[in-house]
Amino acid sequence: MKKRILSSENKRKNVSDGQIKQYAETLKKMVDCKTVFTRDFENKAEYEKFNNVIEQSFPNIAEKAEKLLFGSGCFVYTIKGKNAKKNLMLMSHHDVVDGDDKWETDPFCAVEKDGSLFGRGTIDTKTPLFAELQACEELLAEGYEFDGINLYIGSSDNEEVCGDGMVLATEYFKENGIKFDAVLDEGGAITEGMIPGVKAKSAMVAVHEKSRHLYRCKAVLATKGHGGLNPTDDSAVLRLSRFIAEVSKKKIYKGAFYPEVRATFETHAPYMSFPLNMLFGNLTLFSPLIKKIMLGIPQTKAMLSTSIAFTTVFAGSKDDPQMRAKEAETTMFLRCVREEDLLNGLEKIKKIAKKYKIEIEEIERDYCKPSSFESKPYKLLEQIMNENFPDVIVAPFLLTAGTDARRFTDVADCILRFAPIDLDKKQYASIHSANEHIKIKNIGECVCFYKDFIKKFTLT
């Protein structure tokens, strides 16, 4: 992989200080809305307040875009372009996790401090949503005709709870024959210290995310009658326990260097210090050693292998603890990188299940196809990042968390997960934790990025 000369941070593309100040004021209003999703819609008034902020802050969008609504509050703005032949979806959810007493400020009253804006959602993900909307708002104000593309800006109200917002939206797109040439959602960011031996910052662009599969594993005792008269060396609980123990002990999934994982390290290898640059620069030769080391570390193991977790166990009755359970079941949660690997391993699990007379039933499949980091949308994003953030390495990677973007796997040719939010280690640690904050100057950088992405997308 060729090493690109990185320029200093002060050469980044940005807007005037006055514009950044205006951006921060609008973002503050968005952050001040407590859009924490609950099943009983406890914060309904806060969501209504948030939607009013959007309508008032982006008047050109409110006037010229069609607004689609799904479920309890997922919205998609649509700008129909002139001679449109392509569809582009920009996404960022507007629901957030709640705050706690560890915050130094009120998480739902944005505060400026030391050049940063503190508040829940400043990273995850109201800043990206603001920047997407602001980029579109400014283009409309400039008379931009969106020549060649239909632009969609979507935002779910319940992403943090794996809600149905974008599920319903994608069902609509399927029914209406709408397919996207590219989807750009949150998921990756500009980070530091994430890759060993690399001092420069990295723009980590997720081209794939691990899928989620749930299976019900059930043991049913064949004997009937009073529990005290049944043999004690066989029970539903014992069968299920032995099954869980054997599956957990055996190395069902061996792990592999998937293309996007390999590309993460090969892209960074020229920037690594010795001897890591030699090891990761020659992955074909050293991959067995590196793979062994990575599989021993939980965070890196997740990048190479399907994970297995038994999340719940049900058996017996608390009302009659002396009555031996005739049925026992567990939920098995598998997260895979490639579905074919999962299915191969599942055959091994089913053989173990047969040994203990365990029935296995699939209850949820949530697989997202990987996108190519050789695709035109990825190359465009890489180009724009090189121009707008010349001090940053751009690399594909595998997201081990989850995003709304996975919902689009059947209606999109390319799905990328990245927002140009610049995170130091403290900011990264604040995601879903206390004192979440964004650098105020970075807000303007985000708007510039999305404006360039929209304008140049038609040229790819």
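Just above, that's the structure.
First, a word on what this report is: a plain description of the structure on this page.

## Some words on the nonpolar core
Counting residues in each nonpolar core, the largest one holds 68 residues, and the members touching the most others are F449 and F453. Counting residues per element, this core draws most heavily on helix α14 (residues 440-457), at 10 residues.

## Description of the sheet that holds strand β11 (residues 307-315)
Spatially, four strands are ordered β11-β12-β10-β13 in an open sheet, and the strand pairing comes out antiparallel. This sheet does not close on itself; its edge strands, each paired only once, are β11 and β13 (358-366). When strand polarity is set aside, the average angle formed by the axes of neighbouring strands in this sheet is 20°. Each of β10 (212-220), β11, β12 (327-335) and β13 is contacted by helix α6 (residues 236-249), which is oriented at about 170° to β11, the strand it contacts most. Along the sheet face, helix α11 (residues 339-355) touches β10, β11, β12 and β13 and points at about 160° away from the line of β13.

## As for the packing of helix α1 (residues 17-31) against helix α2 (residues 44-57)
Across the interface, α1 lies against α2 with an axial gap of 9 Å and an inter-helix angle of 160°. One finds that α1 runs roughly antiparallel with respect to α2. Side by side, α1 and α2 meet where T26, K29 and M30 of the first sit next to F50, V53, I54 and S57 of the second. Residue composition of the contact of α1 with α2, grouped by class: four nonpolar, two polar and one charged.

## With respect to a nonpolar patch on the surface
Judged by side-chain polarity, L289, I293 and I297 come together as a nonpolar surface patch covering roughly 270 Å² of accessible area. Since its relative accessible area comes to 47%, L289 is described here as partly exposed.

## A few points about the pattern of salt bridges
All chains considered together, the criterion is met by 33 salt bridges. One salt bridge connects E382 with K379, and the closest N-O pair in it is separated by 3.7 Å. Of this pair, E382 and K379 both sit in helix α12 (residues 376-388), three residues apart, roughly one helical turn. What makes K379 partly exposed here is its relative accessible area of 36%. Between K456 and E387 there is a salt bridge, with the nearest N and O atoms lying 2.5 Å from each other. Here the residue K456 occupies a position in helix α14, and E387 occupies one in helix α12, the gap between them amounting to 69 residues. Residue K456 is classed as partly exposed on the basis of its relative accessible area, which comes to 23%. It is possible to trace a salt-bridge network through shared partners that takes in E9, R12, K201, D391, D422, K441 and E445.

## A closer look at the sheet that holds strand β4 (residues 111-113)
Sheet architecture is open: three strands sit in the order β4-β5-β16, paired in antiparallel fashion. Whereas interior strands pair on both sides, the edge strands pair on one side only; in this sheet they are β4 and β16 (437-439). Each neighbouring strand pair of the sheet contributes to a mean axis angle of 25°, computed without reference to strand direction. Pairing of strand β5 (residues 116-118) with β16, which is carried by three bridges, proceeds in the antiparallel orientation. Considered in β16, the bridge of F118 is made with H437.

## Observations regarding the packing of aromatic side chains
Aromatic rings in a pair are described by how distant their centres are and how their planes are angled relative to each other. Following the criterion strictly, the structure yields 19 aromatic pairs and no others. Consider the rings of F173 and F408, whose centres lie 6.1 Å apart with planes at 40°: the pair is tilted. Taken together, the positions of F173 in helix α5 (residues 165-175) and F408 in the loop between β14 (392-399) and β15 (415-417) put the pair 235 residues apart, joining distant regions of the chain. On the basis of relative accessibility, which here comes to 0%, the residue F408 falls in the buried class. Centroid distance F243 to F310: 6.0 Å. Interplanar angle 75°. Geometry classified as edge-to-face. Of the two residues, F243 is situated in helix α6 and F310 in strand β11; the sequence distance between them amounts to 67 residues. According to the relative accessible area criterion, F243 is buried, its value standing at 0%. A connected cluster of aromatic rings, assembled from ring pairs, spans F70, Y152, Y172, F173, F180 and F408. The ring of F75 carries K67 above its face, with NZ or CZ at 5.5 Å from the centroid.

## Points about the pairing of β10
Sheet faces and side chains relate simply in a regular strand, where the side chains alternate between the two faces. Relative to β13, β10 is paired through eight bridges, and the arrangement is antiparallel. From the neighbouring strand, A219 faces β13, where its bridge partner is I358. Relative to β12, β10 is paired through eight bridges, and the arrangement is antiparallel. Each bridged residue has a counterpart across the sheet, and for K218 the counterpart in β12 is E329.

Procedures and definitions
- Residues numbered from 1 in each chain as written.
- Predicted model: local features only at pLDDT ≥ 70, side-chain atom pairs only at ≥ 80, totals over all residues.
- Heavy atoms only, no water.
- Core = buried A, V, L, I, M, F, W, Y, C linked by side-chain atoms within 4.5 Å.
- Buried < 20%, exposed > 50% of the residue type's maximum accessible area, 1.4 Å probe, protein only.
- Helix = DSSP H or I, 4+ residues; strand = E, 2+ residues; numbered from the N terminus.
- Pairing = 2+ DSSP bridges.
- Axes fitted to C-alpha atoms, helices over the stretch in contact; angles between N-to-C directions.
- Contact = heavy atoms within 4.5 Å.
- Parallel < 35°, antiparallel > 145°, perpendicular 65-115°, else oblique.
- Nonpolar A, V, L, I, M, F, W, Y, C, P; charged D, E, K, R; others polar.
- Patch = residues over 30% accessible without salt bridge, like charges linked within 9 Å, V, L, I, M, F, W, Y side chains within 5 Å.
- Areas by Shrake-Rupley, 256 points an atom, 1.4 Å probe, with all protein chains shown as cover.
- Salt bridge = Lys/Arg side-chain N within 4 Å of Asp/Glu carboxyl O.
- Phe/Tyr/Trp six-rings, centres within 6.5 Å; stacked < 30°, edge-to-face > 60°.
- Lys NZ or Arg CZ within 6 Å of the ring centre and 35° of its normal.

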